[in-house]
Amino acid sequence: MSARKTLDALLERHGTTYAAEAGIRLRDTPQPLYQLLVLSHLLSARIRAQVAVAAARALHSHRLRTPRRMADASWQERVDALGEGGYRRYDERTATQLGDGALLLLDTYGGDLRRLREEADGDVDKLRTGLRRFPGIGPAGADIFLREVQTVWPETGPYFDAKALQGAEKLGLPTTPDRLSRLAKDLDPAVLAAALVRGALDKG
């Protein structure tokens, strides 16, 4: 099978970003960017991606969609929402981190991650460092955020982290960001990155 046919088959099976799966309509505005930060936090734990996505949806259903609402919610409210999504192994620690992270975002950036973007001024390393200031956002969480946000912050792309490139290697696709981008042509790089990650995790 040619690389392009492999790519087309991959996209047919896995061509959905994690943000879209979680019901986040990603735009360059404060609320969806914050929801993506929370989703990146949840996905970075050693837990199945489907559980993390379900937990993000549960937080949304409890109206914990903004840093102000997250900060104002009680710890128990956050624990209950995470548990409703099946996120039980890390629920207590994560509930604390989400509260602390929301306060940090409010205090440092006025609740608006676009200010972090402005501060980084196109430097992806600075952006990654800024993201890692948030409790629970380590290297994996920063990678997830940057993979997904490149749709609306194009200066971060093409962003394919180690997990995405692992998927590319597994499928016999190019393993450098530039070659992957050339193969994908006009495809949204966030969709491609998510598909490659899903391909890496797919046991089938």
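Residues numbered from 1 in each chain as written. Predicted model: local features only at pLDDT ≥ 70, side-chain atom pairs only at ≥ 80, totals over all residues. Heavy atoms only, no water.

Colleague: Teacher, can you tell me more about the packing of helix α3 (residues 30-43) against helix α7 (residues 91-109) here?
Modeller: Interhelical geometry of α3 versus α7 gives an angle of 150° and a closest axis separation of 12 Å. Helix-helix and strand crossings are classified by hand; for α3 and α7 the assignment is right-handed. Along its contact with α3, which presents Tyr 34, Val 38, His 41 and Leu 42, the element α7 presents Thr 94, Gln 97, Leu 98, Ala 102 and Leu 105. Broken down by class, the residue content of the contact of α3 with α7 amounts to 6 nonpolar, 3 polar and no charged. (Axes fitted to C-alpha atoms, helices over the stretch in contact; angles between N-to-C directions. Helix = DSSP H or I, 4+ residues; strand = E, 2+ residues; numbered from the N terminus. Left-handed = near helix turned anticlockwise from the far one by under 90°. Contact = heavy atoms within 4.5 Å. Nonpolar A, V, L, I, M, F, W, Y, C, P; charged D, E, K, R; others polar.)

Colleague: Looking at this model, I keep getting lost on the environment of Gly 110. Mind explaining?
Modeller: As for its placement among the helices and strands, Gly 110 is situated in the loop between α7 and α8 (114-120). Residue contacts for Gly 110: discarding those within four places in its chain leaves Leu 105 and Arg 115.

Colleague: In this structure, what is going on with the packing of aromatic side chains? I would like to understand it.
Modeller: The geometry of an aromatic ring pair comes down to the distance between the two centres and the angle between the two planes. Overall, the coordinates contain 2 aromatic pairs when judged by the stated rule. Here the aromatic rings of Tyr 87 and Tyr 90 are separated by 6.4 Å at their centres, their planes lie at 50°, and the arrangement is tilted. Taking the relative accessible area as the measure of exposure, Tyr 87 reaches 0% and is therefore buried. Judged by its relative accessible area of 14%, Tyr 90 is buried. Ring centres of Phe 145 and Trp 153 lie 5.8 Å apart, and the angle between their planes is 65°; on these two criteria the pair is classed as edge-to-face. Residue class for Trp 153 comes out buried when judged on its relative accessible area of 0%. The ring of Tyr 18 carries Arg 198 above its face, with NZ or CZ at 4.0 Å from the centroid. (Phe/Tyr/Trp six-rings, centres within 6.5 Å; stacked < 30°, edge-to-face > 60°. Buried < 20%, exposed > 50% of the residue type's maximum accessible area, 1.4 Å probe, protein only. Lys NZ or Arg CZ within 6 Å of the ring centre and 35° of its normal.)

Colleague: Would you explain the pattern of salt bridges in this entry?
Modeller: Between side chains of opposite charge, pairing is possible as soon as their charged atoms come close. A full pass over the atoms with the stated rule returns 7 salt bridges. Notably, a salt bridge pairs Arg 114 with Asp 112, separated by 2.9 Å at the nearest N-O pair. The class for Arg 114 is partly exposed, based on a relative accessible area of 28%. When its relative accessible area of 11% is taken as the criterion, Asp 112 is described as buried. The residue Arg 128 makes a salt bridge to Asp 125 at a minimum N-O spacing of 2.6 Å. With a gap of 3 residues between them, Arg 128 and Asp 125 both fall in helix α9 (residues 124-131), about one helical turn apart. Judged by relative accessible area, Arg 128 falls into the partly exposed class, the value being 23%. Taken together, the shared-partner salt bridges connect Asp 28, Arg 117 and Glu 155 into one network. (Salt bridge = Lys/Arg side-chain N within 4 Å of Asp/Glu carboxyl O.)

Colleague: Can you help me understand α9 in this one?
Modeller: Three- or four-residue spacings in an α-helix give side chains the same orientation, since the helix completes a turn every 3.6 residues. Listed as buried for α9 are Val 124, Leu 127, Gly 130 and Leu 131. For α9, the arc enclosing every buried residue in end-on projection is 120°, short of the 170-degree limit, so these residues lie on one face. When the buried face of α9 is taken as reference, the exposed residues oriented beyond 90 degrees from it are Asp 125, Lys 126 and Thr 129. The inward-facing, buried residues of α9 abut α3, α8 and α10 (139-149). (Arc of directions from axis to C-beta.)

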